[in-house]
Amino acid sequence: MSELDSLETCKSRAVGVLENATSVTVLCHVQPDADTIGSGLALGLVLERKGIPVQVAFGFPDELPESMRELPGKHLLVAANEVQRDVDLLVTVDCGSAGRLGRLADRVESAREVLVIDHHRSNTRFGTMNLIDQRAESTTAVLATLFDMWGVEIDEELAHCLFAGLVTDTGSFRWVQPGTHTLAERLLDTGIDGSRIARRLLDTHPFGWLPMLSSVLGSATLVKEAADGRGLVYAVIRRSDVGDLRSEEIESVIDIVRTTAEAEVAAVLKEAADGTWSVSLRSKYDVDVSAAAGRLGGGGHRFAAGYTADTDCEEIVAALLETLG
Ligand code: AMP
Ligand code: MN
Ligand code: MN
């Protein structure tokens, strides 16, 4: 069977289990972005409209990032500790591995059926059913095709959620392929305000973001000989740089660092409240950062990946340099 055939087969099986579920729990990944939340809420809304009881949740942190609070379907979100134990059908969205569920990862064991809907190259296929389209721009783009097969009409509310994931994961329509703009046009045609959604999600920061950038970018380091001479640029964000800034400000830094012309690979080391680090990796042309992140315990896509580490900053950089070659 070709990859495409098996994808279509998987999609129609997914429609079958969703349609017949007696209750559904939809889980998004930890440190959620607009793709995982947009996917979770869109699917949640569809199930709710069909009269199927549904909960949507993510393992960490407790609050939904502020930039996502205009997304329709927010009323379906429940706190991680309120996610029921025994689930009929568990659906994960935009999660490359069970570990990305954080403290909710144990629900995978107790669920009768686990449907994994995703687009990560590194996906470990941890479901009993795995709908994974590596070529899709976002998990919300996978959902759009699932809704079409299901006969679900994509109205303004669903389009808002789907567009949120599409605009975010394509870097505001920079990483696109044939079909990306067709989907965007279809979503915009429902009447959603694309500029407002993009501005709120990606282009709005408090003033304190500027001095944080100044200190973090001011100490960025270029290692020209890294990655076989292709170059690595990295920046470090310590808790002391962050103050009361939001995750949105922290996550924005990699998009500036990765523009460095002298480096094929960019990294940002982000210190968490518990002293552990999460690392964002980006590449441009010929380094597969998903593979590098995989060797360091994480995963992702060819040009965008990440992992966590609990050593100190110097050791993390040394291990990264070693892995990149
Ligand atoms: P980020 O740098 O957080 O925007 O993540 C870039 C990509 O890498 C996303 O597709 C994530 O799903 C993936 N990723 C980030 N952190 C991890 C991690 N700790 N484990 C596995 N994948 C990750
Ligand atoms: Mn994501
Ligand atoms: Mn995604």
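Just so it is clear, the structure is predicted and the values come from calculations on it, not from any experiment. (Residues numbered from 1 in each chain as written. Chains lettered and ligands numbered in written order. Predicted model: local features only at pLDDT ≥ 70, side-chain atom pairs only at ≥ 80, totals over all residues. Heavy atoms only, no water.)

**Q** Please explain the coordination of the manganese ion (ligand 3) as it appears in this structure.
**A** Around a metal, the idealised angle for a tetrahedral arrangement of four donor atoms is 109.5 degrees; for an octahedral arrangement of six donor atoms it is 90 or 180 degrees. Bound to the manganese ion (ligand 3) on the protein side are Asp35 (OD), Asp94 (OD), His119 (NE2) and Asp169 (OD), at distances that span 2.1 to 2.3 Å. Binding-site remark: the manganese ion (ligand 3) is held by donors from one chain whose sequence spacing is D-x58-D-x24-H-x49-D. A distance of 3.8 Å spans the gap from the manganese ion (ligand 3) to the manganese ion (ligand 2), which aspartate 94 bridges by coordinating each metal. Separated by 50 residues along the polypeptide, histidine 119 in the loop between β4 (113–118) and β5 (129–132) and aspartate 169 in helix α5 (residues 156–169) bring together distant segments of the chain. Relative accessible area serves as the criterion here: at 22%, aspartate 169 is assigned to the partly exposed category. (Donors = N, O, S within 2.8 Å, 3.2 Å for Na, K, Ca; no water. Helix = DSSP H or I, 4+ residues; strand = E, 2+ residues; numbered from the N terminus. Buried < 20%, exposed > 50% of the residue type's maximum accessible area, 1.4 Å probe, protein only.)

**Q** Any chance you could explain the domain arrangement of the protein here in plain terms?
**A** Interface size is often expressed as the accessible area that is lost when the parts come together. Domain assignment breaks the protein into domain 1 (3–202) and domain 2 (209–324). Ranking the residues of domain 1 by area buried against domain 2 places Glu66, Arg121 and Ser122 at the top, with a combined share of 49%. Our enumeration of links across domain 1 and domain 2 arrives at 2 salt bridges. For the interface between domain 1 and domain 2, the tally reads 6 residue pairs in polar contact (both at pLDDT 80 or more). Its residues assigned to classes, the side of domain 1 that touches domain 2 shows 2 nonpolar, 4 polar and 3 charged. (Domains from an automatic or database assignment. Buried area = accessible area lost by both parts, 1.4 Å probe. Salt bridge = Lys/Arg side-chain N within 4 Å of Asp/Glu carboxyl O. Polar contact = N/O pair within 3.5 Å; in protein donor to acceptor, adjacent residues only side chain to side chain. Nonpolar A, V, L, I, M, F, W, Y, C, P; charged D, E, K, R; others polar.)

**Q** What is the right way to look at the coordination of the manganese ion (ligand 2) in this model?
**A** Taken together, His29 (NE2), Asp33 (OD) and Asp94 (OD) make up the full set of protein donors to the manganese ion (ligand 2), lying 2.0 to 2.3 Å away. Positions of the donor residues of the manganese ion (ligand 2), expressed as sequence spacing, correspond to H-x3-D-x60-D.

**Q** What am I meant to see in the packing of helix α2 (residues 34–49) against α5 here?
**A** Each pair of packed helices gets described by two things: the angle between the helix axes and the distance between those axes. In contact at an axis separation of 8 Å, α2 and α5 are set at 160 degrees when each is read in the N-to-C sense. With respect to each other, α2 and α5 are oriented roughly antiparallel. Every pair of crossing elements has a handedness; the one defined by α2 and α5 is left-handed. Of α5, the residues touching α2 (which contributes Ala34, Asp35, Gly38, Leu41, Ala42, Leu45, Val46 and Arg49) are Glu157, Leu158, Cys161, Leu162, Ala164, Gly165, Thr168 and Asp169. Residues that form the contact of α2 with α5 fall into these classes: 9 nonpolar, 3 polar and 4 charged. (Axes fitted to C-alpha atoms, helices over the stretch in contact; angles between N-to-C directions. Parallel < 35°, antiparallel > 145°, perpendicular 65-115°, else oblique. Left-handed = near helix turned anticlockwise from the far one by under 90°. Contact = heavy atoms within 4.5 Å.)

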